[in-house]
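Here is how the chains run, residue by residue.
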Number of protein chains: 2
Amino acid sequence: MITKGTKICIVGLGLLGGSYAQKLSLLGFNVSAVDKNMESIEYALKMHYIQNGSNDPSLVKDADLVIFGLYPMALVKWLKENQHYLKKGCICTDVTGIKQMLIEKIKPFLRLDINFIFAHPMCGKEFSGVENSDPRIFKDANFIIIKNDNIVAMQTIEQLANILGFAQVSYLNAQKHDEMIAFLSQLTHVIAVCLMNCKDDEDLKKYTGDSFRDLTRIAKINENLWYELFVENKDLLLKQMDEFMLTLNDFRVSLANEDETKIKSLFRQATKRRREFDNR
Amino acid sequence: MITKGTKICIVGLGLLGGSYAQKLSLLGFNVSAVDKNMESIEYALKMHYIQNGSNDPSLVKDADLVIFGLYPMALVKWLKENQHYLKKGCICTDVTGIKQMLIEKIKPFLRLDINFIFAHPMCGKEFSGVENSDPRIFKDANFIIIKNDNIVAMQTIEQLANILGFAQVSYLNAQKHDEMIAFLSQLTHVIAVCLMNCKDDEDLKKYTGDSFRDLTRIAKINENLWYELFVENKDLLLKQMDEFMLTLNDFRVSLANEDETKIKSLFRQATKRRREFDNR
């Protein structure tokens, strides 16, 4: 249970870590932060997102709840080097967008007296860094918790998601999470990036309508984070890309043949499925 | 020049024809309409979108400016059957999303005493019909006029676009228009439809984030209109689909090889190009 006495430490003050800190401090919780970049710490102190901060990882030693706002590989490295600072019995969680590879890498060396609940807050922004943090991104967003057998710790992270204001909390296993993410999030980023890269025509800008803008908004992409997310989930993402390319190719054949019945039935199916997304 | 004395007739009271009527009537112009569906006429009369309406095409005979809100093939058919009703010297325009095929079909039989300026208001909505008309869709939207040598008539249609409140008027030839539309509008609709069709998983709804929603909003598609638009622009659309699939496949190869340098440079290029779209 998170209470006003719970000591919360955020490791990695980026967009998400910063947004967590900001919201939790606003609600009166005790929040500290560790970041290797002292400018981020100073900014968060100045803005009252945190009460205490340092670039020294030993600051985590008093925390009951540690939230890692690090990129996947940085999180593995941090834990390898610094997990001895963590308080016995503390609850840890993360914010990373891929889970199977991450958990496989962490599990073998993670201290057994640490309760690590992997989680994925499904929200973000096209700008990174603590200066862009904004707890409004949690509203309407899904929060996914990776199932394990530590019920009490999972409940604590569900409580955290509710405190932060997420719209819905779901439980998934790591494999299903990564499959879902490969399709819903990673494939869409690949498509947006490819749409921007496949044509170099200065005139396009002038004639762009809403549809092209909507499909490419996420082409403004954080290269370091997303390269890591793609590579760590490579097999599943390649599979989703292949399925999508097959579907696209089927459509191409139907169009080339002017197969009216087929194309109209694909239109109807897409319309019906997409309308259901509006009524969740 | 359009003045308060100009008699305007709209043929085809759908979403766009209805929105034109609504805005022009609001501004005090004299607007009549022809539609084969009397319910649309009655609705538009009741809502004061038009002052006069009929399912009889001869109603166009007094109009100085005729705006066709018909689908491409319906427009060709209407003109073949009814162009004898049009007033000598009147100016005509349309709203259809493809131009080359349309102009090729109309030009051979169009009366020489009619000034037809083909145009494409780049706006729309996921719902059709006069009941959904809404002139707010013109705000921030591009309006494209297909160049010809009838300067006075082109200026009149540019004036119409300004009266309706479009953000920007551009002139293009039909070939360039259709290429642009194949990429910016038609390819994006194909992608959205294929994204919705390539996976049937009830769970997806629960875990969808903003990116997937953004990329599939236009998958709710008017099957009759878009089938016609795709088929009438088939060659150019197939070409754009092929270019996109090549780009996607190149990305696939880079990801399979974990080619960090290549992928990050593609990310940077996409980000840079997309940011320029924000600053038009």
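One can find the structure itself at the top, above this paragraph.
Since we're looking at a predicted model, the values are computed, not measured. (Residues numbered from 1 in each chain as written. Chains lettered and ligands numbered in written order. Predicted model: local features only at pLDDT ≥ 70, side-chain atom pairs only at ≥ 80, totals over all residues. Heavy atoms only, no water.)

If you tally the helices and strands in chain A, you get 11 helices and nine strands. Taken over the C-alpha atoms alone, chain A extends approximately 70 × 45 × 35 Å along its principal axes. Contacts in chain A between residues at least 24 apart in sequence constitute 70% of all its contacts with a sequence separation of at least 6. Split by element, the accessible area of chain A, about 11,800 Å² in all, is 50% carbon and sulfur. Looking at chain A, you have 36 positive and 36 negative side-chain charges, and the mean spots of the two groups are 4 Å apart. (Helix = DSSP H or I, 4+ residues; strand = E, 2+ residues; numbered from the N terminus. Contact = heavy atoms within 4.5 Å. Areas by Shrake-Rupley, 256 points an atom, 1.4 Å probe, with all protein chains shown as cover. Lys, Arg positive; Asp, Glu negative; His and termini not counted. Charge placed at Lys NZ, Arg CZ, Asp CG, Glu CD.)

All names here are of chain B. As summarised here, the arrangement of the six strands in space is E3-E2-E1-E4-E5-E6, forming an open sheet in which the pairing is parallel. With one partner strand each, in any of the chains shown, strand E3 (52-54) and strand E6 (115-117) form the two edges of the open sheet. Between one strand and the next, the sheet's axes are offset by a mean angle of 20 degrees, whatever the strand orientation. In this structure, strand E2 (residues 30-34) lies alongside E3, joined through three bridges in parallel fashion. Note that in E3 the partner of Val-34 across the bridge is Ser-54. (Pairing = 2+ DSSP bridges. Axes fitted to C-alpha atoms, helices over the stretch in contact; angles between N-to-C directions.)

What follows is about the pattern of salt bridges. Enumeration according to the criterion identifies 40 salt bridges over all chains in this entry. A salt bridge links B:Glu243 to A:Lys199; the nearest nitrogen and oxygen atoms lie 3.4 Å apart. You can see B:Glu243 sitting in helix H10 (residues 234-256) and its partner A:Lys199 sitting in the loop between helix H6 (174-197) and helix H7 (204-207), one on each of two chains. Judged by relative accessible area, B:Glu243 falls into the partly exposed class, the value being 25%. The class of A:Lys199 is buried, set by a relative accessible area of 19%. A salt bridge links B:Asp94 to B:Lys99, with the shortest nitrogen-to-oxygen separation between them at 2.7 Å. Judged by its relative accessible area of 0%, B:Lys99 falls in the buried class. Each of the salt bridges in this network shares a partner with another, and the network as a whole consists of A:Asp214, A:Arg217, B:Asp214 and B:Arg217. (Salt bridge = Lys/Arg side-chain N within 4 Å of Asp/Glu carboxyl O. Buried < 20%, exposed > 50% of the residue type's maximum accessible area, 1.4 Å probe, protein only.)

Right, let's talk about the state of the cysteines for a bit. All names here are of chain B. If you walk through the whole model with that rule in mind, you get zero disulfides over all chains. Just so you know, Cys-194 is unpaired, no disulfide at all, and the nearest cysteine sulfur is the one on Cys-198, 7.9 Å from it. Looking at Cys-194, the relative accessible area reads 1%, which means it is buried. Taking relative accessible area as the criterion, Cys-198 reaches 13% and is therefore assigned buried. (Disulfide = S-S within 2.5 Å.)

Rotating chain B by 180 degrees about the axis while translating it 0.0 Å along that axis superimposes it on chain A, leaving an RMSD of 0.0 Å. With respect to symmetry, the two chain copies, as superposed, fit the operation of a two-fold axis. For chain B, the minimum C-alpha distance to the rotation axis belongs to B:Leu215 and amounts to 2.3 Å. When the interface residues of chain B are mapped onto chain A, 100% of them again fall at the interface, so both copies present the same face. (Least-squares fit on C-alpha atoms with pLDDT ≥ 70 in both.)

Moving on: the interface of chain B and chain A. Taken together, the 87 residues of chain B in the interface contact 87 residues of chain A. Summing both sides of the interface, chain B and chain A together bury roughly 9,100 Å²; the carbon and sulfur share of this comes to 65%. When residues of chain B are sorted by the area they lose upon contact with chain A, B:Tyr207, B:Tyr227 and B:Arg274 head the list and together hold 9% of the total. For the pair chain B and chain A, the number of links is 16 salt bridges. Between B:Asp201 and A:Lys176 there is a salt bridge, with its nearest N and O atoms 3.2 Å apart. (Buried area = accessible area lost by both parts, 1.4 Å probe.)

Take the environment of B:Asp35 next. All names here are of chain B. For Asp-35, the position within the fold is in the loop between E2 and helix H2 (38-46). The class of Asp-35 is buried, set by a relative accessible area of 13%. As a C-alpha pair, Asp-35 and Arg-252 span 217 residues in sequence and 50 Å in three-dimensional space. Those residues in contact with Asp-35, other than ones at most four positions away along the chain, are Gly-12, Leu-13, Ser-40, Ile-41, Ser-54 and Asn-55. In terms of polar contacts, Asp-35 uses its side chain to reach the backbone amide nitrogen of Asn-37, at 2.8 Å. (Polar contact = N/O pair within 3.5 Å; in protein donor to acceptor, adjacent residues only side chain to side chain.)

Right, let's get into the packing of H6(A) against helix H10 (residues 234-256) of chain A. Two numbers describe a pair of packed helices, the interaxial angle and the distance between the axes. Residues and elements named next belong to chain A. Axis separation between H6 and H10 bottoms out at 9 Å; the angle between their running directions is 60 degrees. Judged on the interaxial angle alone, H10 and H6 are oblique. Along this stretch, H6 crosses H10, giving a crossing that reads as right-handed. Residue-level inspection shows Gln-175, Asp-178, Glu-179, Ala-182, Phe-183, Gln-186, Leu-187, Val-190 and Ile-191 of H6 in contact with H10, the latter providing Leu-236, Leu-237, Gln-240, Met-241 and Phe-244. (Parallel < 35°, antiparallel > 145°, perpendicular 65-115°, else oblique. Left-handed = near helix turned anticlockwise from the far one by under 90°.)

The next point concerns helix H5 (residues 151-164) of chain B. All names here are of chain B. Between its first and last C-alpha atoms H5 spans 20 Å; for 14 residues at 1.5 Å apiece the expected length is 20 Å, and the two agree. Every buried residue of H5 is listed here: Ala-153, Met-154, Thr-156, Ile-157, Leu-160, Ala-161, Ile-163 and Leu-164. Downstream of H5 by one or two residues, Gly-165 has phi in the positive range, about 100 degrees. (Expected span 1.5 Å × (residues − 1).)

Bringing the sheet that holds strand E9 (residues 168-172) of chain B into the picture now. Residues and elements named next belong to chain B. On the basis of which strands lie adjacent, the open sheet formed by three strands has the order E7-E8-E9 and mixed pairing. The open sheet has two edge strands, strand E7 (119-122) and E9, and neither has a second partner. Direction aside, the axes of adjacent strands within the sheet are offset by 20 degrees on average. Two elements, E7 and strand E8 (residues 142-146), share four bridges in a ladder whose sense is antiparallel. Among the inter-strand pairings, His-120 is bridged to a residue of E8, identified as Ile-144.

Let us look at the pairing of strand E1 (residues 7-11) of chain A. Residues and elements named next belong to chain A. Here E1 lies mainly inside the structure; four of its five residues are buried. With five bridges joining them, E1 and strand E2 (residues 30-34) adopt parallel strand pairing. In the strand pairing of E2, Val-11 is matched with Val-34. Crossover handedness for the path E1 to helix H1 (residues 15-26) to E2: right-handed. (Right-handed = clockwise from strand over helix to strand, strands pointing away.)

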